[in-house]
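Each chain is listed here by its residues.
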Amino acid sequence: MTDTATRYLYLARHGEAASEESGLTERGRRQAMLLGERLREVPFAAVHHGPLPRAEQTARLIGDQLRNVPLRVSEVAGDYVPYVPLRDELPAEFADFFLRFLSGATEEEREHGAALARQALEMFTGPVNGEEDRHELVVTHNFLVAWLVRDAMHAPHWRWLGLNHGNAALTVIRYAPARPASVLVSNDIRHLPRELRWTGFPPEVHV
């Protein structure tokens, strides 16, 4: 029987960007560097990141603070819609809102996103083979963080919708052998000063 050990999965949304296709703003770069400082002592096996500039730049700025940790670009860590529910899967009072939100996704984007989402669960979740615990960081986008948190909570597939994460916020999930996944930290921004918190969120949700 193969020994298994605990996986600690660290999830970080990229720093603030000027647009979806651009790199980081100055505030986004500061956010990434501060997150890297916070994570400096974690014994990461790897930092995975999506291919878009805002995720790639965030990962490199974090990596500059770490100790010879390899950076690995992966489409699986990218920005995509992980799951599009049918109307009857959704609570009736929210169905119109969520279906309008997802209406812009093409059939090709839906199929490709669903395939990547399944790969993400295979690549990033569950205990690991061997005797040593593994720490991995995924620098990604809001949708994938929400998808992985949803899975850890054994919530319905549609429930990634409505889970929002701040720029450079940190979420940590523990996958221990023979135990359910545990969300240890969620959307944590304590490493950021007040002026760098909640970028992209309306003032009424700042806490």
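As a reminder, the structure under discussion sits directly above these lines.
Draft legend 1. Fine view of the sheet that holds strand E8 (residues 182-188). In spatial order, the strands read E4-E3-E6-E2-E7-E8; together these 6 strands make up an open sheet with mixed pairing. Pairing within the sheet leaves two strands with one partner each, and these edge strands are strand E4 (71-73) and E8. For this sheet, the mean angle separating the axes of adjacent strands, direction not counted, is 20 degrees. Note: strand E2 (residues 7-13) against strand E7 (residues 170-175), 6 bridges, orientation antiparallel. Of the residues in E7, the one forming a bridge with Ala12 is Leu170.

Draft legend 2. Up close: the environment of Leu184. Among the structural elements, Leu184 can be located in strand E8. Exposure remark for Leu184: the relative accessible area of 39% places this residue in the partly exposed category. Every residue in contact with Leu184, bar those within four places of it in the chain, is listed here: Tyr8, Val172 and Arg174.

Draft legend 3. Geometry of the pattern of salt bridges. Evaluated as defined, the whole model comprises 12 salt bridges. For Arg7, the salt bridge is made with Glu136, and the minimal N-O distance between the two is 2.6 Å. Residue Arg7 is located in strand E2, and its partner Glu136 is located in strand E6 (residues 134-140); the two are separated by 129 residues in the primary sequence. Summarising the burial analysis for this pair, Arg7 and Glu136 share the class buried. Between Arg60 and Glu56 there is a salt bridge, with its nearest N and O atoms 2.2 Å apart. Taken as a pair, Arg60 and Glu56 lie in helix H2 (residues 53-63) at a separation of 4 residues, close to a single helical turn.

Draft legend 4. Expanded view of unusual backbone geometry. The phi angle at His154 is positive, at roughly 55 degrees, despite the residue not being glycine. The exposure class of His154 is exposed, given its relative accessible area of 67%. Look at Trp198: it is not a glycine, yet its phi comes out positive at around 60 degrees. Note on placement: Trp198 falls in the segment after E8.

Draft legend 5. Up close: the packing of aromatic side chains. Across all of its chains, the model carries 8 aromatic pairs by this definition. Where Phe98 meets Trp158, the ring centres are 6.1 Å apart and the plane angle is 50 degrees; that geometry is what we call tilted. One end of the pair, Phe98, is in helix H3 (residues 92-102); the other, Trp158, is in the loop between helix H5 (142-152) and E7, and 60 residues separate them in sequence. Each member of the pair, Phe98 as well as Trp158, carries the same accessibility label: buried. Summarising the aromatic geometry, the rings of Phe143 and Trp160 are spaced 4.9 Å apart at their centres and angled 65 degrees between planes, so their arrangement reads as edge-to-face. Of this pair, Phe143 sits in helix H5 while Trp160 sits in the loop between H5 and E7, and the two are 17 residues apart along the sequence. Relative accessible area serves as the criterion here: at 22%, Phe143 is assigned to the partly exposed category. Of the residues examined, Trp160 reaches a relative accessible area of 2% and is grouped as buried. For Arg150, the ring lying beneath its charged end belongs to Trp147, and the centroid distance is 4.2 Å.

Definitions and cut-offs
In this convention, every chain numbers its residues from 1, walking through the sequence in written order. Two thresholds apply to this predicted model, a pLDDT of at least 70 for residue-level local features and 80 or more for giving and counting side-chain atom pairs, whereas whole-chain, interface and lining totals are computed over all residues. Values shown for side chains rest on all heavy atoms present in the structure; no hydrogens or waters enter the calculation. For two strands to count as paired, DSSP must find a minimum of two bridges between them. Every helix listed is a DSSP run of H or I at least four residues long, and every strand listed is a run of E at least two residues long, numbered separately from the N terminus. Between N-to-C directions, angles span 0 to 180 degrees; the directions come from axes that are lines fitted to C-alpha atoms, helices contributing only their stretch in contact. Classification of residues uses two cut-offs on accessible area relative to the type maximum, computed with a 1.4 Å probe and protein chains only: under 20% is buried, over 50% is exposed, and between them is partly exposed. Contacts are residue-level and defined by heavy atoms, with any inter-residue pair within 4.5 Å sufficient. Salt bridge, as used here: a side-chain nitrogen of Lys or Arg that lies within 4 Å of a carboxyl oxygen of Asp or Glu. Stacked, tilted and edge-to-face pairs are distinguished by plane angle, under 30 degrees for stacked and over 60 for edge-to-face with tilted covering the rest, among Phe, Tyr and Trp rings (Trp via its six-membered ring) whose centres lie within 6.5 Å. Either the NZ atom of lysine or the CZ atom of arginine qualifies as a charge over a ring when it sits within 6 Å of the ring centre and within 35 degrees of the ring normal.

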